[in-house]
Amino acid sequence: MHIALIGMSAVGKSYWSQCLQRVGFACFDCDGMIRQKLSLDLANPLEALADLTAWMGRPTDGEYELRASRYLAQEKTTLAEIVSALAPGQGLDDTDVVVDTTGSSVYAPPAIWSRFRQRAKIVHLATTPKVQAEMLSRFRADPRPLIWNELFEFRPGETLDDAYARCYPALLQQREGLYARYRDVGIDYHEHRRPNLTPERFLQLVGS
């Protein structure tokens, strides 16, 4: 079985990827692969999320757009490499694989996603409006590196927190629409977050 998990940051993609690894799946960690590629041109490697946060900066920083562009370029390359690795005859035909994508992976070109869907089942870990409101609160308290895809707008007289509060919900709405476009199956938030959900039962939800 080859599956790719898509959804917003902190929705549970890495959690379920780790759970599936414990039952025998090989895992492609997109975030780690991207950080490794970006680190090749940096004096200090991006070893953890905190390093990426510091490097990316805030959307009001002068280097933000350039660094976001570099991140997206490496994300596109990473996804293309994974799609190629999943092709028949590349050594993974008889291996169960889970791909832990980033929240911004759906900004990759549609052609990549078309090939991706031919080689893996795309599984969307969905959210709800209530959960999205909680995600906004967490983001405002502890902003993570984020690809805004031109949805961030800093208006005169606003604080950065005001801008986050206004723009982040629009970003969530855009991304959820893209996740729904590319997915093969969507799993309801309350299903994939059930505390007693086992990897075996999760795979049954994927199969359904």
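Our structure is the block above this text.
Residues numbered from 1 in each chain as written. Predicted model: local features only at pLDDT ≥ 70, side-chain atom pairs only at ≥ 80, totals over all residues. Heavy atoms only, no water.

Q: I would appreciate a short explanation of the overall build of the protein chain in the present structure.
A: When helices and strands are counted, the protein chain shows nine helices and five strands. Along the protein chain, helices (α) and strands (β) appear in the sequence β-α-β-α-α-α-β-α-β-α-α-β-α-α when read from the amino end. Radius of gyration (C-alpha) of the protein chain: 17 Å, near the 17 Å computed for a compact globule of 208 residues. Across its three principal directions, the C-alpha atoms of the protein chain cover 55 × 40 × 30 Å. Across the 208 residues in the protein chain, those meeting the buried criterion constitute 45%. Here the contacts in the protein chain between residues at least 6 apart in sequence split such that 76% fall between residues at least 24 apart. Roughly 10,500 Å² of accessible area belongs to the protein chain as shown, and the carbon and sulfur atoms make up 48% of that amount. (Helix = DSSP H or I, 4+ residues; strand = E, 2+ residues; numbered from the N terminus. Rg over C-alpha atoms; globule rule 2.2 N^0.38 Å. Buried < 20%, exposed > 50% of the residue type's maximum accessible area, 1.4 Å probe, protein only. Contact = heavy atoms within 4.5 Å. Areas by Shrake-Rupley, 256 points an atom, 1.4 Å probe, with all protein chains shown as cover.)

Q: Looking at this structure, I do not really get the pattern of salt bridges. What am I missing?
A: Oppositely charged side chains can form a pair if their charged atoms are brought close together. In the structure shown here, the tally under the stated rule is eight salt bridges. Glu81 is the partner of Lys37 in a salt bridge, and the nearest nitrogen-oxygen pair spans 2.9 Å. With a gap of 44 residues between them, Lys37 in helix α2 (residues 30-39) and Glu81 in helix α4 (residues 64-85) connect regions that are remote in the sequence. Judged by its relative accessible area of 40%, Glu81 falls in the partly exposed class. Taken together, the shared-partner salt bridges in this structure form one network comprising Glu153, Arg155, Glu158 and Arg166. (Salt bridge = Lys/Arg side-chain N within 4 Å of Asp/Glu carboxyl O.)

Q: Would you explain the side chain of Thr128 in this entry?
A: Mapped onto the secondary structure, Thr128 falls in the loop between β4 (121-125) and α6 (129-141). Once residues within four sequence positions are removed from consideration, Thr128 is found in contact with Tyr189 and His190.

Q: What exactly am I supposed to notice about the layout of surface pockets here?
A: One way to see where empty space is left: roll a probe the size of a water molecule over the atoms. A volume near 800 Å³ is recorded for the largest pocket. At the level of elements, α1 (13-22), β2 (26-29), α2, α3 (49-56), α6 and α7 (160-182) are the ones that each hand at least two residues to the lining of the largest pocket. Here the lining of the largest pocket takes six residues from α1, the largest share from any one element. In this structure, the second largest pocket spans a volume of roughly 150 Å³. In terms of lining, the second largest pocket is formed by Pro59, Tyr64, Glu65, Ala68, Ser69, Leu72, Ile147, Trp148, Asn149, Glu150, Leu151 and Phe152. For the lining of the second largest pocket, a count of residues per class yields eight nonpolar, two polar and two charged. (1 Å grid on protein atoms, 1.4 Å probe; cavity = no way out; pocket = protein on both sides within 12 Å on 5 of 7 lines; lining within 4 Å. Points joined across faces, edges and corners; volume = space filled by probe spheres on them. Nonpolar A, V, L, I, M, F, W, Y, C, P; charged D, E, K, R; others polar.)

Q: Whenever I open this one, the nonpolar core confuses me. Can you help?
A: The nonpolar side chains of a soluble globular protein tend to be buried, and buried together. Within the largest apolar cluster, 65 residues are counted, with the highest numbers of intra-cluster contacts made by Leu86, Val99, Phe116, Trp148, Tyr168 and Phe202. The element that contributes the greatest number of residues to this core is α7, accounting for 10 residues. Once residues within four sequence positions are removed from consideration, Phe116 is found in contact with Ala4, Leu79, Ile82, Val83, Leu86, Val99 and Ile122. (Core = buried A, V, L, I, M, F, W, Y, C linked by side-chain atoms within 4.5 Å.)

Q: What is the right way to read α7 from this model?
A: Since there are 3.6 residues in each turn of an α-helix, residues three or four apart along the chain are aligned in direction. Here α7 contains 23 residues, and its C-alpha end-to-end distance of 32 Å stays within 8% of the 33 Å for a straight helix at 1.5 Å per residue. Roughly 30° is the biggest bend found in α7, and it falls at Cys167, with proline Pro169 one to four residues downstream. Turning to α7, its buried residues are Leu160, Ala163, Tyr164, Cys167, Tyr168, Leu171, Leu172, Arg175, Glu176, Leu178, Tyr179 and Tyr182. In this structure, the buried side of α7 is in contact with β1 (2-6), α5 (110-119), β4 and α6. (Expected span 1.5 Å × (residues − 1). Bend = angle between axes of the 7 residues up to and from the residue.)

Q: Even after reading the chapter, I still don't get the environment of Ala141, so can you show me in this structure?
A: Mapped onto the secondary structure, Ala141 falls in helix α6. On the basis of relative accessibility, which here comes to 67%, the residue Ala141 falls in the exposed class. The sequence separation of Ala141 and Asp161 amounts to 20 residues, and the corresponding C-alpha distance is 9.1 Å.

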